[in-house]
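The lines below spell out each chain.
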Amino acid sequence: MALSSCARVFPSFECRSDPDFSGVPRPDNQSSGRFHGKLKAGESRGSLGGHGLSSLILRFPPNFVRQLSTKARRNCSNIGVAQVVAASWSNNQAATGFSSAAKAVDAAALASAEIATANEEKVTVEDDSFNRNSVKINGFTDEKSYSFLSSDGSVAVHAGERLGRGIVTDAITTPVVNTSAYFFKKTAELIDFKEKRHASFEYGRYGNPTTVVVEDKISALEGAESTLLMASGMCASTVMLMALVPAGGHIVTTTDCYRKTRIFIETILPKMGIKATVIDPADVGALESALDKNNVTLFFTESPTNPFLRCVDIELVSKLCHSKGALVCIDGTFATPLNQKALALGADIVLHSATKFIGGHNDVLAGCISGSEKLITAVRNLHHILGGALNPNAAYLIIRGMKTLHLRVQQQNLTALRMAEILEAHPKVKRVYYPGLQSHPEHHIAKRQMTGFGGVVSFEVDGDLLATAKFVDALRIPYIAPSFGGCESIVDQPAIMSYWDLSQSDRAKHGIMDNLVRFSFGVEDFEDLKADILQALEAI
């Protein structure tokens, strides 16, 4: 049965049998990694070899077609072709490569895939070496130069795809590889994998080609050697802390942070004997004291922080921590990789809830950490044990979202700054928290280490809990929801949304006043948002 009713014409291409996770260049004399053969006119089966393939029709067992998406079948897509090529061609089974692929794809279908071509052509296939301590596909590792691109926006669109995608396909968009495991053709190949002579993700929890594209994009934006994508921002935070802080260790963190992160640090880490010193984000003296008095493993903070958007001098704290042998991890979710380069400022790890600005469409949960290969590998090893792998369909949504990241962030930066200035001058607003304002306590730091100040503004209205709720309810554009960073504007009253289980006095201990509002600006028109906020303020 043919894959589709229309004949596909494929341009010249080179296929790789398996992803190379090692990043180690192959030797030039690796002739054994290639196989050659002829595809002659009229042949339904034949050996493979050469440089290019034209007028090629690939036919697969009937059950294979069902594994493709409806859209793929309707559009005569070669996504399925890419998956079979990447998974099945080997360097030592020229005549039986398609047969083994068919058996692996559908054990019930014994017929091998058929090849028919009108021209004599030749295909070259290479095998790759494997290092199990790394998860980089060969294309990603070798294609790290984006110097010819002048902006992060272009990098966000093309990194990991046009510039080094490891999946063999002529589709513009990255295919979604829906699989829970990766097969081995023979026991000998499995042994080669176990002894690091053969590359494979092996199991869905250990990696996925679609997910690797996202990781490569984020690495390119952050200037990182490696990135690990996980199922949520909290998954990234908790796995990172457990992987890098030893039992009985000590961390330093800041007062203002996401509440669930604080709960994990205060209630879960102590069960492992891990203690925490909590300091004000701007209190450098307190950090120095903590470093002097304790054997600190890690300094972990958001910058900007949630919800008061406090900023940490990343360059300074990195120097202080490194002088005492401590690592620095910056949660840059509110900043995005476009507004702030934490690694370039000296941090060892940068973390994001990709659910927010990176995904950008309020439709996916994900988290990521970026840094050196050594540190990310340590986290990756624990991640493989604990789980929390991102579904490849979710990874695709992030890829899609990142293509407009720079456009969204530019709009959100501008809208937030303009509205922060308007709110600060409004008689019904007591205080505004936004690092782009000169009144912000760390404005001088933000101005030095950020190129934009983000799309979230927090402010206190002149009223009590009920008056503030009345303002929120009077808004007509934003959704009342517990997130931020998407195309749609979102508003929440933290005293109710995140701290309602605490008494008013306990909320105040965390700085959460009843009249506090956190507003995440989407990509709606500025004038519409301005009019909506002003009319809602008039309602109180």
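Within every chain, residues take consecutive numbers counted from 1 along the sequence as written. Given that the model is predicted, a residue must reach a pLDDT of at least 70 before its local features are reported, and side-chain atom pairs must reach 80 or more before they are shown or counted; all residues, however, enter totals for whole chains, interfaces and linings. Based on all heavy atoms of the structure, the side-chain values leave hydrogens and waters out of the count.

(A) Region of the structure containing the overall build of the protein. Helix numbering and strand numbering both begin at the N terminus, where a helix is a DSSP run of H or I of at least 4 residues and a strand a DSSP run of E of at least 2. When helices and strands are counted, the protein shows 21 helices and 16 strands. Per-residue burial over the protein gives 55% buried out of 540 residues. When contacts within the protein are restricted to residue pairs at least 6 apart in sequence, those whose partners lie at least 24 apart make up 76%. Areas reported here follow the Shrake-Rupley algorithm with a probe of radius 1.4 Å; residue values treat only the protein chains shown as occluding. Taken as a whole, the protein presents about 22400 Å² of accessible surface, with 53% of it coming from carbon and sulfur. Relative accessibility thresholds used throughout: buried, under 20% of the residue-type maximum; exposed, over 50%; partly exposed, between the two (1.4 Å probe, protein chains only). Working rule for contacts: check all heavy atoms of both residues, and any pair within 4.5 Å makes them a contact.

(B) Structural view of the packing of helix α16 (residues 405-424) against helix α21 (residues 526-538). The angle between two axes is taken between their N-to-C directions and runs from 0 to 180 degrees, where each axis is a line fitted to C-alpha atoms and a helix contributes only its stretch in contact. Relative orientation of the contacting elements α16 and α21 amounts to 30°, with a least axis distance of 11 Å. When the axis of α16 is compared with that of α21, the two are roughly parallel. Considering how the two elements wind past one another, α16 and α21 form a crossing that is right-handed. When α16 is examined against α21, the residues Thr-415, Arg-418, Met-419, Ile-422 and Leu-423 are found in contact with a partner set consisting of Phe-526, Glu-527, Leu-529, Lys-530, Ile-533, Leu-534 and Leu-537. Each residue receives one of three labels: charged for Asp, Glu, Lys and Arg, nonpolar for Ala, Val, Leu, Ile, Met, Phe, Trp, Tyr, Cys and Pro, and polar for the others, Gly being one of them. Taken together, the residues of the contact of α16 with α21 sort by class into eight nonpolar, one polar and three charged. Throughout, the term roughly parallel applies to angles under 35 degrees, roughly antiparallel to angles over 145, roughly perpendicular to angles from 65 to 115, and oblique to all others. Crossing handedness follows the turn of the near helix against the far one: under a right angle anticlockwise gives a left-handed crossing, and clockwise gives a right-handed one.

(C) Geometry of the environment of Arg-518. If you trace the backbone, Arg-518 turns up in strand β16 (residues 516-520). As for Arg-518 and Phe-484, which are separated by 34 residues in sequence, their C-alpha atoms are 9.2 Å apart. Polar side-chain contacts of Arg-518 include one of 3.0 Å to the side chain of Asn-306. Polar contact is defined as a pair of N or O atoms within 3.5 Å, subject to the rule that within protein one atom must be able to donate a hydrogen and the other to accept it, and that residues adjacent in sequence are counted only when both atoms are side-chain atoms.

(D) The packing of aromatic side chains, seen in detail. Ring pairs shown here join Phe, Tyr and Trp side chains whose ring centres sit within 6.5 Å, with only the six-membered ring taken for Trp; geometry is labelled stacked below 30 degrees between planes, edge-to-face above 60, and tilted in between. The full count for this structure, using the stated rule, is nine aromatic pairs. Taking the centre distance of 5.8 Å and the plane angle of 65° together, the rings of Tyr-203 and Tyr-206 count as edge-to-face. Look at Phe-334 and Phe-484: their rings are 4.1 Å apart centre to centre, the planes differ by 25°, and that puts the pair in the stacked class. On the criterion of sequence distance, the pair formed by Phe-334 in the loop between β9 (327-331) and α13 (336-339) and Phe-484 in the loop between β14 (479-480) and β15 (490-492) is long-range, its members being 150 residues apart.

(E) Representation of empty space enclosed by the protein within the structure. Note on definitions: the grid is 1 Å and covers protein atoms alone; a cavity is a set of points where a 1.4 Å probe fits but cannot get out; a pocket is an open set with protein on both sides within 12 Å along at least five of seven lines; lining residues have an atom within 4 Å of a point. Grid points are joined across faces, edges and corners, and a volume is the space filled by probe spheres set on the points. According to the stated counting rule, one finds two cavities of 30 Å³ or more in the structure shown. The computed volume of the second largest cavity comes to approximately 40 Å³. In this structure, the second largest cavity is lined by Ser-237, Thr-253, Thr-254, Cys-257, Thr-261, Phe-300, Thr-301, Glu-302 and Asp-331. Taken together, the elements giving at least two residues each to the lining of the second largest cavity come down to β6 (250-254) and β8 (296-302). Per element, the largest residue contribution to the lining of the second largest cavity is three residues, and it comes from β8.

(F) Focus on helix α15 (residues 392-402). Every buried residue of α15 is listed here: Pro-392, Ala-394, Ala-395, Ile-398, Ile-399, Gly-401 and Met-402. Projection of α15 onto a plane perpendicular to its axis shows the buried side chains occupying an angular sector of 170°, all on one side. Buried residues along α15 sit against α6 (152-158), α8 (209-222), β5 (226-230) and α16. The residue sitting at the N-terminus of α15 and contributing the capping side-chain oxygen is Asn-391; that oxygen lies 2.7 Å from the backbone nitrogen of Asn-393. What the arc describes is the spread of directions from the helix axis to the C-beta atoms.

(G) Region of interest: unusual backbone geometry. Cis geometry marks the peptide bond from Ser-303 to Pro-304, where omega comes out at -5°. Topologically, Pro-304 is positioned in the loop between β8 and α12 (314-323). Backbone torsion omega between Asn-306 and Pro-307 reads 5°, so that peptide bond is classified as cis. Relative to the helices and strands, Pro-307 resides in the loop between β8 and α12. One non-glycine residue, Leu-309, adopts positive backbone phi at about 60°. Among the structural elements, Leu-309 can be located in the loop between β8 and α12. Exposure remark for Leu-309: the relative accessible area of 2% places this residue in the buried category. The backbone of Asn-362 sits at a positive phi, close to 55°, despite the residue not being glycine. You can see Asn-362 is positioned in the loop between β10 (349-353) and β11 (367-371).

(H) Summary view of the layout of surface pockets. Counted as a void, the second largest pocket has a volume near 590 Å³. Surrounding the second largest pocket, 30 residues form its lining, Tyr-258, Asn-306, Lys-356, Pro-482 and Phe-484 being those nearest its centre. Counting only elements with at least two residues in the lining of the second largest pocket, the list comes to α9 (233-244), α10 (259-268), β10 and α19 (494-497). Residues of the lining of the second largest pocket, tallied by class, amount to 13 nonpolar, 10 polar and seven charged.

(I) Highlighting the environment of Gln-411. Relative to the elements of secondary structure, Gln-411 occurs in helix α16. According to the relative accessible area criterion, Gln-411 is partly exposed, its value standing at 28%. Measuring from C-alpha to C-alpha, the distance between Gln-411 and Val-523 comes to 6.2 Å, with 112 residues separating the pair along the chain. If we skip the residues at most four places from it in the chain, Gln-411 touches Gly-522, Val-523 and Glu-524. At a separation of 3.4 Å, a polar atom in the side chain of Gln-411 contacts the main-chain carbonyl oxygen of Glu-524.

(J) Seen up close, the sheet that holds strand β13 (residues 456-461). Only when DSSP finds a minimum of two bridges between them are two strands counted as paired. Pairing within the open sheet is mixed, and its five strands lie in the order β12-β13-β16-β15-β14. Whereas interior strands pair on both sides, the edge strands pair on one side only; in this sheet they are β12 (429-433) and β14. The sheet contact formed by β13 and β16 spans five bridges and is antiparallel. Paired with Val-456 across the strands is Ser-520, a residue of β16.

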